[in-house]
Amino acid sequence: MSNFAVGWVVAVPSVVGIVAMLTGSYFADRIADKRRSLSVLMLV
Amino acid sequence: MSDQIERATIRKVALRLLPLVFLLYLLSLVDRVNVGFAALTMNKDLGLTPYTYSLGVAAFFFGYIPCEIPSNLILERIGARRWIGRIAITWGIAASAMALVSGERSFLLVRFLLGIAEAGLFPGMLLYLNYWFPSAYRARVNAALVLAIPAAGAFGAPIATSLLELDGLFGVAGWKWMFLVEGVPTILLGFVVLRLLTDRPENATWLAPQNRTWLETTLARERASVEAVHSRLSVSRALIDPRVLLLCCTYFAFGTISYSMGYFLPLIVKTGA
């Protein structure tokens, strides 16, 4: 695998992380229970 | 009417501060973990063994960890604009200096200096956002900041490996180009911070008086209600507070996984392919 291709493969988990963080923080503010939100996200 | 003022204030503050703060943290992460991509070619050029490379990765944290809390205390004392600007300029210089390393010793030394220079940026920015956003907005605002972590991976990884392709341009190795191209913008951003960042809401001349008054009143009311329930903690007592220790464990687990991925995943993917 070329170095260039390595860069794209390594980027994949981060792209998934962006979606998860936006969703998690939106629900944390919405349910106003940050402790429960943190616990659920840590469990996942 | 009050709702309108609240929405307008938060919107204006967010648009003014968040892009700059986000960009700072993004560049800090890119400059911190780009050594993982440089390792694809740098380790061979410098004759670094896997052990020395790992030691260099750790050397960053030997400088970073002890300076984190003192850095935040200095920020509180002299103000965010000057201190975060200083952090950005010195870490940009250290990040660019990675292009000058020529062997094991200089590699370890520059990584150590980079850690010292960058220390305090993340906790400093969390503290800074605390000065500006009421608690109802804090999770979203903090998430906007830490969104830089995956964004640094998503955008930083292909950019870093693209820069490695410049190998040999003007006789300079690709990994040196990468450190230079990714380090210099940080220095420039440091000067932008010195010009544009505002320390506290009371200094925000770019906010209309009614918006500034709403923000200051809301934050003061929240602070008073917190202090009415919780007594003020000294630094030493805060460090042994069970909640702080529990969050330290959480962040330790998070940091171990995310930094291990940042520093070693490119090598794992490359050698596993």
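Residues numbered from 1 in each chain as written. Chains lettered and ligands numbered in written order. Predicted model: local features only at pLDDT ≥ 70, side-chain atom pairs only at ≥ 80, totals over all residues. Heavy atoms only, no water.

**Focus on the interface of chain A and chain B**
At step 1: Each partner contributes residues to the interface: chain A has 23 residues there, and chain B has 29 residues.
At step 2: Taken over both partners, the interface formed by chain A and chain B buries close to 2000 Å², and the fraction arising from carbon and sulfur atoms is 77%.
At step 3: Inspection of the chain A/chain B interface yields zero salt bridges.
At step 4: Along the contact surface separating chain A from chain B lie two residue pairs in polar contact (both at pLDDT 80 or more).
At step 5: Of all elements in the fold, only helix H1 (3-31) and helix H2 (34-43) of chain A reach the threshold of two or more residues within the side of chain A that touches chain B.
At step 6: The biggest single contributor to the side of chain A that touches chain B is H1 of chain A, with 18 residues.
At step 7: Split into classes, the residues belonging to the side of chain A that touches chain B amount to 15 nonpolar, six polar and two charged. (Contact = heavy atoms within 4.5 Å. Buried area = accessible area lost by both parts, 1.4 Å probe. Salt bridge = Lys/Arg side-chain N within 4 Å of Asp/Glu carboxyl O. Polar contact = N/O pair within 3.5 Å; in protein donor to acceptor, adjacent residues only side chain to side chain. Helix = DSSP H or I, 4+ residues; strand = E, 2+ residues; numbered from the N terminus. Nonpolar A, V, L, I, M, F, W, Y, C, P; charged D, E, K, R; others polar.)

**Quick notes on the packing of aromatic side chains**
Residue and element names in this part refer to chain B.
At step 1: Inspection of the entire model under this criterion finds 16 aromatic pairs over all chains.
At step 2: With centroids separated by 5.2 Å and ring planes inclined at 25 degrees, the aromatic side chains of Phe60 and Tyr64 adopt a geometry described as stacked. With Phe60 and Tyr64 both in helix H2 (residues 50-78) and four residues apart, the pair spans about one turn of that helix.
At step 3: Here Phe60 falls in the buried class, since its relative accessible area comes to 0%.
At step 4: Taking relative accessible area as the criterion, Tyr64 reaches 7% and is therefore assigned buried.
At step 5: Through a chain of ring-to-ring contacts, the aromatic side chains of Phe60, Phe61, Tyr64, Tyr259 and Tyr263 assemble into a single cluster. (Phe/Tyr/Trp six-rings, centres within 6.5 Å; stacked < 30°, edge-to-face > 60°. Buried < 20%, exposed > 50% of the residue type's maximum accessible area, 1.4 Å probe, protein only.)

**Description of the nonpolar core**
All names here are of chain B.
At step 1: Of all hydrophobic cores here, the largest spans 87 residues; its most connected members are Trp91, Trp132 and Phe133.
At step 2: Broken down by element, this core gets its largest block of residues, 22 residues, from helix H1 (residues 2-46).
At step 3: With sequence-adjacent residues up to four places away left out, Trp91 is seen in contact with Leu24, Leu27, Ser28, Asp31, Leu114, Ala117, Glu118, Leu121 and Thr186. (Core = buried A, V, L, I, M, F, W, Y, C linked by side-chain atoms within 4.5 Å.)

**Some thoughts on helix H4 (residues 104-118) of chain B**
Residue and element names in this part refer to chain B.
At step 1: Here H4 contains 15 residues, and its C-alpha end-to-end distance of 21 Å stays within 8% of the 21 Å for a straight helix at 1.5 Å per residue.
At step 2: If you check which residues of H4 are buried, you get Phe107, Val110, Arg111, Leu114, Gly115, Ala117 and Glu118. Looking straight down H4, one finds that the buried residues subtend no more than 165 degrees of arc, so they occupy a single side.
At step 3: Among the structural elements, H1, H2, helix H3 (80-97), helix H5 (121-132) and helix H11 (242-272) are those in contact with the buried residues of H4.
At step 4: Two residues or fewer past H4, Gly120 is found with a positive phi of approximately 95 degrees. (Expected span 1.5 Å × (residues − 1). Arc of directions from axis to C-beta.)

**A few points about the environment of Leu18 of chain B**
Residues and elements named next belong to chain B.
At step 1: Tracing the chain through its elements places Leu18 in helix H1.
At step 2: What makes Leu18 buried here is its relative accessible area of 17%.
At step 3: Along the backbone, Leu18 and Leu73 are 55 residues apart, and their C-alpha atoms lie at a distance of 22 Å.
At step 4: Here Leu18 is in contact with Val13, Leu129, Phe133, Val141 and Ala144, once residues within four sequence places are set aside.

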